[in-house]
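Listed here are the chains, written in short residue letters.
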Amino acid sequence: MFQRLRKSLFLVVVAAVILSVSAAAFASTNPLVLTGKDLTIEDIVSVAVEGRKVTVSHEAMNNVEKSYNTVIKAAVEGMPVYGLTVGVGWNKDRPVFKTVNGKKVLSEELLDMSRKFNIMSLRAHCAGVGPFLPVEVVRAGMLVRLNQFLTGIPGVQPYVVEIYEKYLNEGITPLVPSKGSVGQADITLSSHIGLAMVGEWDVIYKDKRMPAKEVMKLLNIEPLVPVGKDFLSILSTNALALGQAALAVANVEHYLEVSYPVFGLFLEGYNGNVAPFMKEVAEIRPFEGYVTAAAKLRKTLKGSYLYEPSDTRALQDPLSIRSMAYTLGNVEVALKRAKDAITLAANHTDDNPAVIWNAKKEKNRDPQTSRYFIGNDGAIFPTSNFESLPVLRELDTLKIALAQMSNRLVMQTIRLEDPRFTHLSRFLSAPDNPGHAFGAIQKPLVAMDTENRMLATPTQLGAIALAGNIEDTAGCTLISVRSLEQITENLYNISSLQLLHSAQALDLRKAEMKDKLYMAAPTKKLYEAYRQVVSFVDQDRPYTDDIAKGAEFLKNYQM
């Protein structure tokens, strides 16, 4: 029951994601080698969705060890380290170290207090609400965080890295609620991952909900005993949002790819004018994205009857049709920038404080920043790197670009029902159909488009001050990602409805033009594949199944 529910929540999001990853990455039996600096969105999909194994490079693991040693050194030298020498409530007059063989080491009493504080902190931050995130999303978030650990900045003990790797490779996925984060690190959600690793929370293993402690015992995995900065590095991160965003933009990327032949088929059904997409026209005003989209449309329509004159073709089509290269180009640019921002964030940690194990103290450095160095080598700096604005900005921009496209697709589809534009039958009714044909199904188009415009509202515009008025900004990245997922799902259904109209219009036009109507290769391929799924509408029928089949067809369509 639980597994069926989990799959139903996420399959609509990842269906196209799977197709967007290269065949080589999917087919590969080789584990993904993580270095902390070259993780891609395609890598995230291959591990999160397909279950590809991961391994950690030797050099990256060395960085983790050096970083952790820097944290311990800072504590021994008397530098405040949250979760280790401050913030745990022990008596400040007690020594934090003892001497063993002439070397300072942290006292067992201090370490024991730190371990207890770490576990208490993980418990206290588990405060998510709503349904649990799909397994694929949690795996994506864990992968991103594991990769960020390998930068050496978080300062975790090496076993944190090892247990993340084991959880991913063994298919152990902590249950993580979907709501409760304001986006300045997903602390109330990511904490569930850490609490599972210490053995106090539930996980999904082999499609069943089980106590993490039982699963780890079954697989001979030692539970994590967090210490020092471990708890903070596990929960104070935007990795969950980044992982979910990576899957969401991969889904958008597939949708954008299939949008070109879908629009090409629409244009052939509509008998549209190709002139606005010509190279000469695009070069007059070569905006980023617009030139690329116009070129893709020309490639899509190459060989179509639309390049032959027609007495019924308009000199200028409605703006929603005429400006489609701008619309698609807008999405092209927004998608690229969102991918770039997510990729950068996945390969650079968002920790506060940041451990720079290889920092060198310069001569004559100012007194304020000198205090963060541990002698002359290594430093622990306060940061605001948990700020999600650079990624959130691009996600919000992508949502707006997709909502604009949504509106224009709806406008185009409704024009197909109007004989004044198409010179075909009203509502694209078949010759012997006395009924409504497509007259009523404008309504779901408009309903989804209206929802898309609401979902496109930026989430970065305001916040309520939290944590004693210290945390007075918030991005709510996960809300933006969820909106992006729903917009994309609506777009698949809108394009399904457009495809239903376009194929109908094309069949009606073929009956008139006969052998004079020849299609471009990409649109013909799409049309023939679609007609294997949804048939010509010769009499009124329920369209609900047709819409659902068309959406699923597009999610799985291979170019």
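Shown above is the structure to which this text applies.
This text gives an overview of the structure that appears in the document. Note that the coordinates shown come from a computational prediction; the quantities given were computed from them, not determined experimentally.

Below, the discussion takes up helix α19 (residues 442-455). In a regular helix each residue adds 1.5 Å, so 14 residues correspond to 20 Å; α19 covers 20 Å between its end C-alpha atoms and thus fits that length. When we look at burial in α19, the residues that qualify are Leu445, Met448, Asp449 and Asn452. Down the axis of α19, the buried set is contained in an arc of 100°. They therefore lie on one face. Seen from the buried face of α19, the exposed residues on the opposite side, beyond 90 degrees, are Lys443 and Met454.

Here we take up the packing of aromatic side chains. The final tally for this structure, using the stated rule, is 12 aromatic pairs. An angle of 85° between the planes, with centres 5.6 Å apart, marks the rings of Phe373 and Phe381 as edge-to-face. The exposure classification of Phe373 matches that of Phe381, with both residues buried. Clustering of aromatic rings is evident, with ring pairs tying together Phe263, Phe266, Tyr270 and Phe277.

Looking at the secondary structure, you find Phe536 in the loop between α21 (521-531) and α22 (544-556). Relative accessible area serves as the criterion here: at 26%, Phe536 is assigned to the partly exposed category. Along the chain, Phe536 and Asn271 lie 265 residues apart, while their C-alpha atoms are 19 Å from each other. Not counting chain neighbours up to four residues away, the residues in contact with Phe536 comprise Ala430, Gln504, Asp507, Leu508, Arg531 and Arg541.

What follows covers the sheet that holds strand β6 (residues 172-174). By definition, the strands of a sheet pair up through backbone hydrogen bonds, in either a parallel or an antiparallel sense. Taking strand neighbours across the sheet as the criterion, the three strands line up as β6-β8-β9 in an open arrangement whose pairing is antiparallel. Looking along the sheet, the strands with just one partner apiece sit at the ends: β6 and β9 (208-211). Taking the axes of each pair of neighbouring strands and ignoring which way they run, one obtains an average angle of 40° across the sheet. With three bridges connecting them, β6 and strand β8 (residues 202-205) associate as antiparallel partners.

It is worth spelling out the pattern of salt bridges at this point. The final tally for this structure, using the stated rule, is 22 salt bridges. Glu288 is the salt-bridge partner of Arg337, the closest N and O atoms lying 2.9 Å from each other. With a gap of 49 residues between them, Arg337 in helix α15 (residues 324-346) and Glu288 in the loop between α12 (279-284) and α13 (290-301) connect regions that are remote in the sequence. Several salt bridges converge on common partners, so that one network encompasses Arg145, Lys229, Asp350 and Asp351.

Let us look at the side chain of Ser406. Among the structural elements, Ser406 can be located in helix α17 (residues 389-415). Every residue in contact with Ser406, bar those within four places of it in the chain, is listed here: Asp449, Asn452, Leu491 and Ile494.

On to the side chain of Ser191, then. By the element assignment, Ser191 lies in helix α8 (residues 187-197). Engagement of the side chain of Ser191 in a polar contact is seen with the backbone oxygen of His125, the distance being 2.9 Å.

Attention now goes to unusual backbone geometry. Cis geometry is adopted by the peptide bond preceding Pro353, which originates at Asn352 and carries an omega value of -5°. The topology assignment puts Pro353 in the loop between α15 and β10 (354-360). For Phe427, which is not a glycine, the phi torsion comes out positive at approximately 60°. Relative to the helices and strands, Phe427 is located in the loop between α18 (419-422) and α19. Positive phi outside glycine occurs at Ala437, with the angle close to 55°.

Further remarks concern the packing of helix α3 (residues 41-48) against helix α6 (residues 135-149). At a closest axis distance of 9 Å, the pairing of α3 and α6 adopts a crossing angle of 130°. Classified by the angle their axes make, α3 and α6 are oblique. Crossing angle aside, the handedness with which α3 passes α6 is right-handed. Contacts between α3 and α6 involve Asp43, Ile44, Val47 and Ala48 from the former and Glu136, Arg139, Ala140, Leu143 and Val144 from the latter.

What follows is about the nonpolar core. Of all hydrophobic cores here, the largest spans 142 residues; its most connected members are Val161, Ile163, Tyr164, Tyr167, Val249, Leu267 and Leu398. When residues in this core are grouped by element, the largest group, 21 residues, is from helix α11 (residues 239-270). Beyond its immediate chain neighbours, meaning those up to four positions away, Leu398 contacts Val249, Val252, Val331, Ala334, Leu335, Ala338 and Leu484. Core analysis: the next-biggest nonpolar cluster, separate from the first, contains 15 residues, Val81, Leu111, Val355 and Ile380 among them.

Orientation of helix α20 (residues 477-513) relative to α21, taken along the N-to-C sense of each, is 100°, at an axis distance of 11 Å. One finds that α20 runs roughly perpendicular with respect to α21. Between α20 and α21, the residues in contact are Ser496, Leu499, Leu500, Ala503, Gln504, Leu506, Asp507 and Lys510 and Leu526, Tyr527, Tyr530 and Arg531, respectively.

The rules behind each value
- The residue numbers shown here count from 1 along each chain, following its written sequence.
- Note on the predicted model: pLDDT of at least 70 is required for a residue's local features to be given, and 80 or more for side-chain atom pairs to be given and counted; whole-chain, interface and lining totals, by contrast, use all residues.
- Side-chain metrics rest on all non-hydrogen atoms present in the structure, leaving aside hydrogens and water.
- Runs of H or I in DSSP of at least four residues are treated as helices and runs of E of at least two as strands, each being numbered from the N terminus.
- Here a helix's expected span is defined as the number of its residues, less one, multiplied by 1.5 Å.
- Each residue's exposure class comes from its accessible area (1.4 Å probe, protein chains only) as a fraction of the maximum for that residue type: buried when under 20%, exposed when over 50%, partly exposed otherwise.
- By construction, the arc corresponds to the directions joining the helix axis to the C-beta atoms.
- Whether two aromatic rings pair depends on their centres lying within 6.5 Å, for rings of Phe, Tyr and Trp, where Trp uses its six-membered ring; planes under 30 degrees apart make the pair stacked, over 60 edge-to-face, and the rest tilted.
- What makes two residues a contact is simply this: any of their non-hydrogen atoms within 4.5 Å.
- The criterion for strand pairing is that DSSP finds at least two bridges linking the strands in question.
- Fitting a line to C-alpha atoms yields each axis, with helices limited to the stretch in contact; the angle taken between N-to-C directions then spans 0 to 180 degrees.
- Whenever a carboxyl oxygen of Asp or Glu lies within 4 Å of a side-chain nitrogen of Lys or Arg, that contact is scored as a salt bridge.
- A 3.5 Å cut-off defines polar contacts: any pair of N or O atoms within that distance qualifies, except that in protein one atom must be a possible hydrogen donor and the other a possible acceptor, and neighbouring residues in sequence count only when both atoms are side-chain atoms.
- Comment on the angle field: the value is read as roughly parallel under 35 degrees, roughly antiparallel over 145, roughly perpendicular from 65 to 115, and oblique elsewhere.
- By the definition used in this description, the sense in which the near helix is turned from the far one sets the handedness, with an anticlockwise turn below a right angle giving left-handed and a clockwise turn giving right-handed.
- Here, nonpolar core means buried Ala, Val, Leu, Ile, Met, Phe, Trp, Tyr and Cys residues that are tied together by side-chain atoms lying within 4.5 Å of each other.

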